[in-house]
Amino acid sequence: MFSPVRNPPAVLRWSVVPTDSVPEAFEPVADTPSQLDRTSAPATGSVLQPMAIQALYVLSGDDAEARGWLAFLRRHGYPNLSDLVIERVYWLEGTVDTERLMPLVANPLYQTAATQSQLDAARGPILEIAYQPAVTDPETPSLLAAAHALGQTGLRFARLSKRYQFAGLDEEQARKLVARFLCNRVVERLREPGEVVSTLRPFGTPDPSTTIPLAGLSDRELILLSTARSWYAPLSQLKAIQAHELAIGRPHTDAEIEILVQSWSDHCYHTTWKRLGLLKRLSAATAKIAHPLVVSAFKDNAGGMEFYEDWVVTIKGETHNFPSSIAPFGGVATKHGGVIRDTLGFGKGAYPIGGTTVMGTAHPRLPEEQSPPGALPPQLIVSESVRATSYYCNPMGIPMMHALYRAHPGYVKCFALGHSIGLVPRKYALKDAPEAGDLALLIGGETGRDGIHGATASSTRMTGNTSAKESAAVQIGHPITERSFTTAIPVLRDANCIRAITDLGAGGISSAVGEMGAGVGAELDLDAVPLKDRSLTAWEILLSESQERMLIVVPPDKLAEAEDTLDRYEVKHRVIGRFTGRRRLEATWRGHKVVDLEMDFLWGGCPLDPISTSEPRRPLQPLRLPALRTAAEWSTAVRRVLSHYHACDQSAAGARFDTTVQGRTVVGPYGGKNHRMPTNIYVSAPLHGKSYGVVTTLALNPFYGDIDPARMGKLMMIEAITKAVVAGVDYRQMVLCDNFYTARLRPEVAWDLTRMVDTIAEFSEAMGVPFISGKDSSSGTFEAEGRAIDVPPTLAVAVLGRVPDVKKVVTKEFRRAGNKILAIGPLSGEALGGSLYADSYGQRGDRLFEPGSPEQVRQVWDALLKLHAEAGYVSGSAIAEGGILLRLFEASYGSGLGARVDLTEAAGHGPASTPDRILFGEFIGTAMVEVPAGGDVESILDGVPHRVLGEVRPDAQLSLAGHPGLIWEESTAALAEAWSRPFREVLE
Amino acid sequence: MSRAVTAILYAPGTNCHEETAAAIERAGGRSEMVVLRDLCGGRASLRRYQAAVIPGGFSYGDHLGAGRILATMLVARLRDELIAFLDSGKPLLGVCNGFQVLVEAGILPYRTPGSRSMALLENQSSHFEDRKVRLLVTDGDSLWTRGLAGQVLEMPSAHGEGRPLFYAVDGRPPPRVTFRYADAAGNPTPEYPENPNGAPGAVAGITDETGTILGLMPHPERAALPVHYSQDGIKLFRNLMAALR
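Predicted model, so just to flag it, every value in this text is computed and none were measured.

A. A look at the overall build of chain B. A tally of regular secondary structure across chain B gives six helices and eleven strands. Here chain B has a C-alpha radius of gyration of 16 Å; the compact-globule value for 245 residues is 18 Å, and the two agree. By principal-axis analysis of the C-alpha atoms, chain B measures approximately 50 × 40 × 35 Å. Counting all 245 residues of chain B, 69% fall into the buried class. For chain B, the exposed surface amounts to about 7,400 Å²; the carbon and sulfur share of it is 46%.

B. Seen up close, the packing of aromatic side chains. Within this structure, the stated rule accounts for 24 aromatic pairs over all chains. For the ring pair Tyr411 of chain A and Phe415 of chain A, a centre distance of 5.9 Å and an interplane angle of 20° mean the geometry is stacked. The residues Tyr411 of chain A and Phe415 of chain A share a single accessibility class, namely buried. By the ring-pair criterion, three or more aromatic residues cluster together here, those being Trp634, Tyr837, Tyr841 and Phe920 of chain A. A cation over a ring is seen here: Arg640 of chain A above Tyr841 of chain A, with NZ or CZ 3.7 Å from the ring centre. One cation-aromatic arrangement involves Lys132 of chain B over Tyr229 of chain B; the distance from NZ or CZ to the ring centre is 4.9 Å.

C. Layout of helix H4 (residues 171-182) of chain A. Residues and elements named next belong to chain A. All of the buried residues in H4 are Ala174, Leu177, Val178, Phe181 and Leu182. The arc that holds the buried residues of H4, viewed along the axis, is 100°, so those residues lie on one side. For H4, the exposed residues lying more than 90 degrees away from the buried face are Glu172, Lys176 and Ala179. Buried residues along H4 sit against helix H1 (64-75), strand S4 (126-131), strand S5 (155-167), strand S6 (188-191) and helix H13 (378-396). Capping the start of H4 is the job of one residue whose side-chain oxygen sits 3.2 Å from the backbone nitrogen of Glu172: Asp170.

D. How the structure looks around the sheet that holds strand S19 (residues 549-554) of chain A. Residues and elements named next belong to chain A. Reading across the sheet, the seven strands line up as S17-S19-S15-S20-S18-S21-S22 and stay open at both edges, with mixed pairing between neighbours. Every interior strand has two partners, whereas the edge strands, strand S17 (500-503) and strand S22 (592-598), have only one. When the angles between neighbouring strand axes are averaged without regard to direction, this sheet yields 20°. Relative to strand S21 (residues 584-589), strand S18 (residues 522-525) runs parallel, the two sharing four bridges. Directly across from Asp525, in S21, lies its bridge partner Thr588. Of the strands in this sheet, S17 and S19 are in contact with helix H12 (residues 328-344), which crosses S17 at around 170°.

E. Structural context of the interface of chain A and chain B. Each side of the interface is counted separately: chain A has 76 residues, and chain B has 66 residues. Across the chain A/chain B interface, buried area totals approximately 6,200 Å², and carbon plus sulfur atoms make up 58% of it. Viewed at the interface, chain B and chain A are joined by five salt bridges. One can count 25 residue pairs in polar contact (both at pLDDT 80 or more) joining chain A with chain B. Elements represented by at least two residues in the side of chain A that touches chain B include exactly H1, helix H2 (98-105), helix H3 (140-149), H13, helix H16 (479-494), helix H19 (559-568) and strand S23 (665-667) of chain A. Residues belonging to the side of chain A that touches chain B are distributed by class as follows: 38 nonpolar, 22 polar and 16 charged.

F. Main features of empty space enclosed by the protein. Residue and element names in this part refer to chain A. One pass over the full model with this rule turns up nine cavities of 30 Å³ or more. Of the voids in this model, the largest cavity is the one considered here, and its volume is about 360 Å³. Lining the largest cavity we find 25 residues, and of these Ala403, Leu404, Arg406, Pro678 and Asn680 sit closest to its centre. Listing elements by their share of the lining of the largest cavity, those giving two or more residues are strand S13 (400-407), strand S27 (693-699), helix H24 (709-727) and helix H28 (883-893). In terms of residue count, the dominant contributor to the lining of the largest cavity is S13 (five residues).

G. A look at the sheet that holds strand S11 (residues 213-216) of chain B. Residue and element names in this part refer to chain B. Across the sheet, nine strands lie side by side as S2-S1-S3-S4-S11-S10-S9-S6-S7; this open sheet has mixed pairing. At either margin of the open sheet sits one strand with a lone partner, and together these are strand S2 (30-35) and strand S7 (152-159). Taken pair by pair, the neighbouring strands of this sheet meet at an average axis angle of 25°, ignoring direction. Here strand S1 (residues 5-10) pairs with S2 via six bridges, running parallel. Opposite Val5, over in S2, you have Arg30 as the bridge partner. Running at roughly 115° to strand S4 (residues 92-95), helix H5 (residues 97-104) makes contact with strand S3 (51-54), S4, strand S10 (203-207) and S11 of the sheet.

Conventions we followed
Residues numbered from 1 in each chain as written. Chains lettered and ligands numbered in written order. Predicted model: local features only at pLDDT ≥ 70, side-chain atom pairs only at ≥ 80, totals over all residues. Heavy atoms only, no water. Helix = DSSP H or I, 4+ residues; strand = E, 2+ residues; numbered from the N terminus. Rg over C-alpha atoms; globule rule 2.2 N^0.38 Å. Buried < 20%, exposed > 50% of the residue type's maximum accessible area, 1.4 Å probe, protein only. Areas by Shrake-Rupley, 256 points an atom, 1.4 Å probe, with all protein chains shown as cover. Phe/Tyr/Trp six-rings, centres within 6.5 Å; stacked < 30°, edge-to-face > 60°. Lys NZ or Arg CZ within 6 Å of the ring centre and 35° of its normal. Arc of directions from axis to C-beta. Contact = heavy atoms within 4.5 Å. Polar contact = N/O pair within 3.5 Å; in protein donor to acceptor, adjacent residues only side chain to side chain. Pairing = 2+ DSSP bridges. Axes fitted to C-alpha atoms, helices over the stretch in contact; angles between N-to-C directions. Buried area = accessible area lost by both parts, 1.4 Å probe. Salt bridge = Lys/Arg side-chain N within 4 Å of Asp/Glu carboxyl O. Nonpolar A, V, L, I, M, F, W, Y, C, P; charged D, E, K, R; others polar. 1 Å grid on protein atoms, 1.4 Å probe; cavity = no way out; pocket = protein on both sides within 12 Å on 5 of 7 lines; lining within 4 Å. Points joined across faces, edges and corners; volume = space filled by probe spheres on them.

Fair warning: the whole summary comes from geometry, so function is off the table for now.
Here it is in structure tokens:
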């Protein structure tokens, strides 16, 4: 077991020089002029003396990152790439003994460090990628801290770069590859050989702040200006700003207009939903239900539900569709970062205890050349999104609850959804209003160029050119920063240092301070904002969507305590302003007042254009599915479903996400014998040592949206709730979270949206299960070569429920041979419309399953709960995509048992009454349960539709009986092969 | 309940401190979270504690190599405290990233702070692996595994860099391997994913020569409470409490 080592190390001793100072990870970003920028006079501060710059080059004998990229790039258009080597370069500025840093940058057991490059130039072109000079490397603070600990206090700054050597490619191919996959030019650049710099420290000069008079501009000129400046504001808003200019008697500054258009963007202001009255409709339904468990609905960064023992659990779902479409790694990573901050920004700070990831793309099997121009290949989006979720969520230490990957031809602009659930003491579940004199404390990362115009760009349409033009809208995520304040925030909260807290997401500082200070007013000192990019001008500082930042409203007498706590947890912080009592948003920068807006205009001045609605025509066709006659035809049909992208084994992705961190997980996303069976449920016991449980489920079905968006909405609610009910969660002990994704607004989309919201609001009221949080994205349209590709009307419904005892939760896998398998709920009517089975033939159908009246649906839930309370069933699952078949297979696979079913009775006796309709039908609201042989359930199920489907068998076989004889029989092992391959291939 | 208090070390990026505390409490022990910055600034001291755990997470974002920055801080900035702690023979546990820290600091396998003779490399699959694993206890004489020899313990494993590489050091015995990844029959296995990272010899955990310092890639604290799918991990913490009594 002892492996040979290429370079046996000499005895390595860390050089230890005692220093009592703990170094500031960062040099204070003083107003340091550039050493390269000798022509411009420094604004303030003194010119730094140039310092020596040295470099250490590190090669790794075991480089998984290089291996991973090599395999990836060979699949993505570079089969000739024969080898890829990554040399990491540490650039060091100051007085440094590089020998002493070698043990830090390299573990000699598998890495070698040298002061010269160790690459042999003859082996292929070498390209070096470094961060932009104006940008700070995320690893710099760690490197400085460790170097100082080693006594190298003469090290003033450091940068990292990577040299990639591409064997088998020529220079031009290598450059193209780097531009496409490896170099994110928002923050990175190619470092050309022989480049000489006199300092490594971030430098750059900001543009001055200007005024932009709109007076006298025609409508056309306004639109042109709006596009040129990437405001993407509708004309009505531009005219409102133009009129405001006359009213205040001065032109607006660039910062003011930027703030107004992004605050009024669909992303921030939900303009579309407000125009249609939809936000009011949903929150009115919730208000009408007046559910006793609802603590906070639709008014905070997340919704809150009463848990047990004076705790509140929270939920929020957030989409990040636009950035994830153009830069999936950064987009998806920051999707998670953002929705986690919504939890941290709930009340006075909730602690995140679970998360989800949902990725809807075009089908990953779509050949790369068939992607519309300007759209990334879907397989790339999926594999990059998996990498990003792993990159972000694992370091955050938040367990993955559900990971769903879905495909629909309309998801060219992809659907990137993530949820976060949290836990907060009841007494900290509601924010206090900031008071005049309170301080605005910015914590976390520094402010950079990343994410500028994210709010407006994501609210507009996406075209083939968008990815080139708006790539600056994509943020870069650094989970270590967010992890640190995730630990610190509950400490601050419990010490009463937080009056209110919110995250910095879309719209950045201006949005966070503007919203928090809406009632009282705030003034900002933009020079106090710590910058990672020295060239940011005032409006960019205000709008930057740099990740991993939060804003805390701190009472002045608590500031010192708050700062001390943040120091202990190594969270950077800076007071950037205070709340005033003047009801204005004000900001100064470099001695000038650059923003002075009335809060009333900022939050009340946005005109809402009327929208007309018109019923869309859907080209729906009745299903024409072939009759299944032979066992071979049945076998093929079964495989069509099990290997469908939505039904197949997605654990190849899921196993890259931590599901058990925090020690709260009771039932994770995968379970059963070999931990690969999807459970469709997540159960957490959030209070260590207690049995109380939080339960989440998720429902999403883009195919249903193609047929009947309104009914799809209702079915998603029923599906998500039934998944939880069959596990034993009372529907009166749960709340819902909605996430809509629809095409860019036009009358037909407005019609669908209105009908969807009306339907779910009505159903929510009828069932008494309230929505408490939600988010809408109304920009799901991709344009390429004059063709618009719309996303299907999409609604994801998440359940957040509670149970008094997690040990009573029932899961899916079969328990015992000989037990009866029952369907509880209707198995009648058409249930193949929108099904996976129909999709496998390229068909949708013309109608969706009719789940019955609210009373009928509730009757099934009540029966399930009664049966559950009497331990009447030992396993169970809700029927959803893939129908009864998928449940039978998964319950068998997860247990090592099998099932023998007979569907002829259920199918009835008419000419169209065939078992495939039952086996593949998606009877939403119906559950499949396993009842002990001899157990009497009839008395409880009296009057409730139910039917015996068959029984659990001891061998791992699935069989379908008919009259006479056997229709089809197969081993679950053979089926598992078909089930587990498709997704694995996507990631390979 | 023992009066001894176990320190749970917290550094930026640590994320398994809470459940580690919960596991120690369930085993009948007491623990306190000790913030690295407080140790460096003299506001806290390891001398107050009878045992210590370096829990899992991504300390300092895994920058420069998993565990390396925190290891540097321990060895360089807290050298005296660390040596005193080690010399006193107090029990020390590193789980997952904590194991990586112990290895990068040279504390495992040979108690040579600042001198490494082992590495934990990236998983063979080259990505993070979240798995439920079985661990065969192959050394029942350490403080942590007393009475567990031959048992197969089930617990979660979740890491991206856990494949051990050892460097033979003259005059030193091979490291004491306490845990090996096992298959369903309980035998050490090279097979993925039962052996989630491709560990040679299926090595999942080792101790120092005295058996008081344990480094373990899988997470015993996540299999320690009645609500967990397995409670095998609590056995390690019970052994710790027995030793502290």
